[in-house]
Every structure is written in structure tokens, then in C-alpha cells.
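Structural characterization, general
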Amino acid sequence: GAGVSQSPSNKVTEKGKDVELRCDPISGHTALYWYRQSLGQGLEFLIYFQGNSAPDKSGLPSDRFSAERTGGSVSTLTIQRTQQEDSAVYLCASSLGVVRGRQDQETQYFGPGTRLLVL
Amino acid sequence: SQQGEEDPQALSIQEGENATMNCSYKTSINNLQWYRQNSGRGLVHLILIRSNEREKHSGRLRVTLDTSKKSSSLLITASRAADTASYLCATDIAGKSTFGDGTTLTVKP
């Protein structure tokens, strides 16, 4: 079966340009996460979608970052006016999410990531 | 500061030896998960242990959880060169995961 897919796999952009990163979660997974990982660092939580609830945006580093999840499936992470410090691998994950009325996170399945380089 | 912090940051052992990595966290959790990451990409889920469980096994992996000490350990027995990777713990609080920076394990053939 299909796992989590992300596109593009690599993106090189110039400082100041906007970029869009896409994540296709596993079908039926209600929870979707975006993380950022800089070279040699751990995962930094960015944003979390759970079903139709308002997303948890507490990890977004600035107002240049935004994310949408359309129809409860595909998600797009947008970075406006990119800066060199935005260079990182952006990872998306999905999980079953809420199960039988209780919050049960279960396993997160990760996509291969998008490697972003801002010149 | 990180909710989950792994210890040690780096570990180097010989093939066949056991590797033990630890994860400490600060607040009450629903569950704790261990992941493996190769080459800075592709996290793979290894094992999930719930807050009411104390120990779980999966193949050569053994995970323990001590909620009184807010810590977990991952033991890899009879290590292989292919086990070389970073190992991260993730703590779940109300559906949201927080990852540590990971332990980098090197298994020398």
C-alpha cells in the first residue's frame, strides 16, 4: 500500500522567493504533522492537523510559515520570502489520529521529506 | 527545551555487542515511541510503549518505560553494522508528539 509521499524531494530556491511543499498522507489517516530537521539536529515540530479541528500551529517559527490541509487529506506547507535559515529537510507524517472517540496517537508514518536549500 | 532527550548523544560499539539508549522526558505522556533514522531522512517507527506498560519486545529490540522516573530505554541486542543509524524517542501528549535530538549509533563490523 502507498505510504506518505512528499513533493518535491528536493527544492533549491533563491532568498526571498516563496515555496510550497506538498504532503500526501496515508489514506484514512486523520492526523497529519509537519516537522523540520536542520542538518545534524533533531525534529522540530511545526504544525499538527487532526480531523476537522483547528490545527495546532504552535511550532511555526514565524508568520512566513503557513500550512493548509484541504479536504482532510493533502497538505501544503508554504514558506513565504524564504531565508537561508529556512534550509532544512521538511518531513511530513500521518497517523490514525482519533480512534473511537479518544485521542490515540498511534504510530506516525513519515514521508521521505523535502530537502529545501535557500541560496 | 526538548520534552524527550536521548542519552548518550553518540554511541559506538562493535558488531555483536548490545546497545542501550535512554530517553528522558518532563511531563506525563500517553505513550512513547522509538524511531530510527538513516542519513537524515526516512524515519521508521520501531516500537510504541503505552504509559501503562513497562516493557515491550520486538525482535532484537527491548524497550522499557519507567513513568515514575520519566524515562525509557531502548536496548538493541546482538547489534549489526546495519543497525548504524540515529535513534529518536517521541513522547505523545494529547496527540501531539515531541521528538528528541536522537542518539547516533555506530556499529563497527
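About the cut-offs
- Residues numbered from 1 in each chain as written.
- Chains lettered and ligands numbered in written order.
- Predicted model: local features only at pLDDT ≥ 70, side-chain atom pairs only at ≥ 80, totals over all residues.
- Heavy atoms only, no water.
- Pairing = 2+ DSSP bridges.
- Helix = DSSP H or I, 4+ residues; strand = E, 2+ residues; numbered from the N terminus.
- Axes fitted to C-alpha atoms, helices over the stretch in contact; angles between N-to-C directions.
- Salt bridge = Lys/Arg side-chain N within 4 Å of Asp/Glu carboxyl O.
- Buried < 20%, exposed > 50% of the residue type's maximum accessible area, 1.4 Å probe, protein only.
- Disulfide = S-S within 2.5 Å.
- pLDDT = per-residue confidence, 0-100.

**As for the sheet that holds strand β3 (residues 19-24) of chain A**
All names here are of chain A. The four strands lie next to each other as β1-β3-β7-β6, forming an open sheet whose pairing is antiparallel. Each having just a single partner strand, β1 (5-7) and β6 (65-69) make up the two edges of the open sheet. Averaged over all neighbouring strand pairs, the angle between strand axes comes to 15 degrees, with direction disregarded. Strand direction decides the pairing type here: β1 and β3, joined by three bridges, are antiparallel. Residue Q6 lies in a different strand from β3, and its bridge partner there is C23.

**Notes on the pattern of salt bridges**
Where charged atoms from two side chains of opposite charge come close, those side chains can pair. A full pass over the atoms with the stated rule returns six salt bridges over all chains. Here R22 of chain A ties to D24 of chain A by a salt bridge, and the two come within 2.8 Å at their closest N and O atoms. For R22 of chain A, a relative accessible area of 37% translates into the label partly exposed. Here E55 of chain B makes a salt bridge to R62 of chain B, at a shortest N to O gap of 3.1 Å.

**Considerations on the sheet that holds strand β1 (residues 5-7) of chain B**
The strands making up a sheet are joined through hydrogen bonds of the backbone, oriented either antiparallel or parallel. All names here are of chain B. The strand order across the open sheet formed by five strands is β1-β3-β8-β7-β6, and the pairing between neighbours is antiparallel. Lying at the two open borders of the sheet, with one neighbouring strand each, are β1 and β6 (55-58). Shown here is a sheet whose adjacent strand axes are inclined to one another by a mean of 20 degrees, direction ignored. Alignment of strand β3 (residues 19-24) against strand β8 (residues 71-76), held across six bridges, turns out to be antiparallel. Of the residues in β8, the one forming a bridge with N22 is S73.

**Considering the pairing of strand β4 (residues 31-38) of chain B**
All names here are of chain B. Most of β4 is tucked away, with seven of its eight residues classed as buried. Pairing of β4 with strand β9 (residues 85-93) involves seven bridges; the strand directions are antiparallel. Of the residues in β9, the one forming a bridge with Q33 is A90.

**Thoughts on the state of the cysteines**
Scanning all chains against the criterion turns up two disulfides over all chains. Between C23 of chain A and C92 of chain A runs a disulfide, and the two sulfur atoms are separated by 1.8 Å. Given an S-S torsion of about -65 degrees, the disulfide between C23 of chain A and C92 of chain A has left-handed geometry. Taken as a pair, C23 of chain A in strand β3 and C92 of chain A in strand β8 (residues 88-95) lie far apart in primary sequence, 69 residues in all. With respect to burial, C23 of chain A and C92 of chain A carry one shared label: buried. In this model, C23 of chain B is linked to C89 of chain B through a disulfide, with the two sulfur atoms separated by 2.0 Å. Between C23 of chain B and C89 of chain B, the S-S dihedral sits near 65 degrees, and the bridge is therefore right-handed. Of this pair, C23 of chain B sits in strand β3 while C89 of chain B sits in strand β9; the two residues are 66 residues apart in sequence, bridging distant segments of the chain.

**Looking at the confidence of the model for chain A**
The share of residues in chain A with pLDDT of 70 or more is 92%, and the mean pLDDT across the chain is 89. When pLDDT is averaged over each helix and strand of chain A, the minimum, 50, is found for strand β10 (residues 102-103) of chain A and the maximum, 98, for strand β7 (residues 75-79) of chain A.

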